[in-house]
Amino acid sequence: MSKPVALITGGGSGIGLAIAEHLINIHGYRVVILDVNKERGAAEAKRLNNADNCLFKEVDVTDFDQQAQAFQQTCEWGGGRLDMFVANAGIGDGDSVYKDLKGVDEKTGLPKPVDLRTLDVNLNAVIQGVHLARHFFLKNATPGGKIVITSSCLGVYANHSLPLYSASKHALVGFVRSTAPVFTGMDITINALLPVLIETNLMPEAVRPLWDRAQLTPLSTVSKAIDSIMDAKVTGQTIELSLDQTVFSKQQAFSTPNAKWMCEQHKLWEMACEPLLPKPPGQNVGELQ
Ligand SMILES: NC(=O)c1ccc[n+]([C@@H]2O[C@H](COP(=O)([O-])OP(=O)(O)OC[C@H]3O[C@@H](n4cnc5c(N)ncnc54)[C@H](O)[C@@H]3O)[C@@H](O)[C@H]2O)c1
């Protein structure tokens with residue numbers, strides 16, 4: 001039987017690389033690493049590759065066509081299968097809502113728009129990736145697969161110095177909790193990792209020596225979290241990675257009966273969104289009959 005295949009964005013460094021290594025060495029996967037950083041990504045894939053189990057592709061995930069082609073090539077390389085998608089590529093805040101960093105328009109005197117690349121990478125590209133993963137998962141001989149999204153502890157908490165990053169990571173938590181029940185009907189699981197703080201290339205060099213090292217989460221906790229989502233019943237979870245702990249965080253309790261009522265009106269929402277929701281298995285576009 002062929003080995004399971006995973007596609008990991010931002011897999012050339014840090015958390016994505018640790019997941020690639022863990023999937024290959026412990027779970028017997030073959031892994032395709034996507035990254036914009038060609039030099040580092042290619043070198044790491046070469047290091048991990050023995051017996052044709054790791055491949056690197058230079059891809060900017062914000063370019064839909066590049067990401068789509070990478071999915072296609074991964075399935076071909078995998079012998080017609082894709083079992084896991086790890087949407088992990090991410091960047092910090094590239095602009096400010098507190099200052100006119102980009103200056104003002106000379107004619108109008110109005111501020112230039114905020115550069116939202118953080119949301120393009122951390123959120124929009126992840127949604128496009130999930131959309132592509134679903135498409136390819138349903139072509140598997142046994143349709144289905146696993147999606148892992150790297151959110152952040154700032155997906156449930158907030159940080160005033162990283163508002164764009166916090167917004168993107170909060171949105172991912174909502175996306176995971178919202179999609180999981182529908183994906184269950186397609187045998188697709190979707191879970192989010194919410195690391196607290198792990199020393200990686202995301203952390204600017206200048207501040208690295210200033211952190212209290214006792215507060216840093218080791219990469220071994222990422223492996224532990226991956227182990228916890230391998231079970232096909234685990235879905236819709238947002239897993240905080242804190243030091244050596246993996247904590248399945250709960251959705252916030254409803255503050256009013258009215259809010260609970262609105263969120264529980266699935267049948268009415270389903271009627272309202274009828275064209276957008278999947279039909280019974282076997283009748284969806286992209287599914288093999
Ligand atoms: N390190 C932490 O403490 C921490 C905490 C919470 C969440 N996260 C999240 O974990 C994920 C991985 O971050 P990391 O800490 O390993 O950082 P990292 O910088 O080591 O790795 C991120 C990788 O993503 C790649 N990347 C960035 N933009 C890309 C794009 N447009 N297309 C393709 N690849 C791109 C980078 O080149 C890099 O290799 C990110 O989503 C990050 O927000 C990290």
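The structure under discussion appears in the preceding block.
Source: prediction; values computed, not measured.

The rules behind these values
- Residues numbered from 1 in each chain as written.
- Predicted model: local features only at pLDDT ≥ 70, side-chain atom pairs only at ≥ 80, totals over all residues.
- Heavy atoms only, no water.
- Helix = DSSP H or I, 4+ residues; strand = E, 2+ residues; numbered from the N terminus.
- Rg over C-alpha atoms; globule rule 2.2 N^0.38 Å.
- Buried < 20%, exposed > 50% of the residue type's maximum accessible area, 1.4 Å probe, protein only.
- Contact = heavy atoms within 4.5 Å.
- Areas by Shrake-Rupley, 256 points an atom, 1.4 Å probe, with all protein chains shown as cover.
- Lys, Arg positive; Asp, Glu negative; His and termini not counted.
- Charge placed at Lys NZ, Arg CZ, Asp CG, Glu CD.
- Core = buried A, V, L, I, M, F, W, Y, C linked by side-chain atoms within 4.5 Å.
- Near = heavy atom within 4 Å.
- Polar contact = N/O pair within 3.5 Å; in protein donor to acceptor, adjacent residues only side chain to side chain.
- Nonpolar A, V, L, I, M, F, W, Y, C, P; charged D, E, K, R; others polar.
- Expected span 1.5 Å × (residues − 1).

Visitor: Outline the overall build of the chain, supporting the account with residue identities and numerical values.
Guide: Within the chain one finds 8 helices and 8 strands. The globule rule puts the C-alpha radius of gyration for 289 residues at 19 Å, and the 20 Å found for the chain is close to it. Viewed in the frame of its principal axes, the chain has a C-alpha envelope of about 60 × 55 × 45 Å. For the chain, buried positions account for 44% of its 289 residues. Taking all contacts inside the chain whose residues are at least 6 apart in sequence as the whole, residues at least 24 apart take part in 65%. A total accessible area of about 15,500 Å² is found for the chain, and carbon and sulfur atoms account for 57% of it. Between the averaged position of the 26 positive side-chain charges in the chain and that of its 30 negative side-chain charges there is a distance of 3 Å.

Visitor: Quick rundown of the nonpolar core? Include the residues and the values.
Guide: With 40 residues, the main nonpolar core has F71, L82, F85, V130, I147, I149 and I190 as its most contacted residues. Counting only elements with at least two residues in this core, the list comes to β1 (5-9), β2 (30-35), α3 (64-77), β4 (84-87), α4 (117-137), β5 (145-150), α5 (163-184) and β6 (188-195). Take this core: its biggest share by element is 10 residues, from α4. Apart from residues no more than four positions distant in its own chain, I149 is found in contact with A87, V126, V130, L172, F175, V176, I190, N191, A192 and L193. Within the second largest apolar cluster, 28 residues are counted, among which are L23, V148, L193 and L241.

Visitor: Hey, could you go over unusual backbone geometry for me, with residue numbers and the actual values?
Guide: At A51, a position not held by glycine, the phi torsion is positive, near 60 degrees. Positive phi values are uncommon outside glycine, yet D187 reaches one of about 60 degrees. With a relative accessible area of 56%, D187 lands in the exposed category.

Visitor: Tell me about the site of the ligand, residues and numbers included.
Guide: Close contacts around the ligand come from 29 residues, with S13, D35, Y165, I198 and T200 the closest. In this structure, T200 approaches the ligand through a side-chain N or O atom, which is 2.6 Å from an oxygen atom. Contact with the protein chains covers 95% of the free accessible surface of the ligand, which is 820 Å². Those elements that place two or more of their residues in the shell around the ligand are α1 (14-25), α4 and α5. Each residue belonging to the shell around the ligand can be placed in one class, and the counts come to 13 nonpolar, 11 polar and 5 charged.

Visitor: Describe α1, naming the residues involved and giving the relevant values.
Guide: The end-to-end C-alpha separation of α1 is 17 Å, in line with the 16 Å expected for 12 residues at 1.5 Å each. Burial of α1 is extensive: 10 of the 12 residues sit out of reach of the surface. Considered for burial, the residues of α1 that qualify are G14, I15, G16, L17, A18, I19, A20, H22, L23 and I24.

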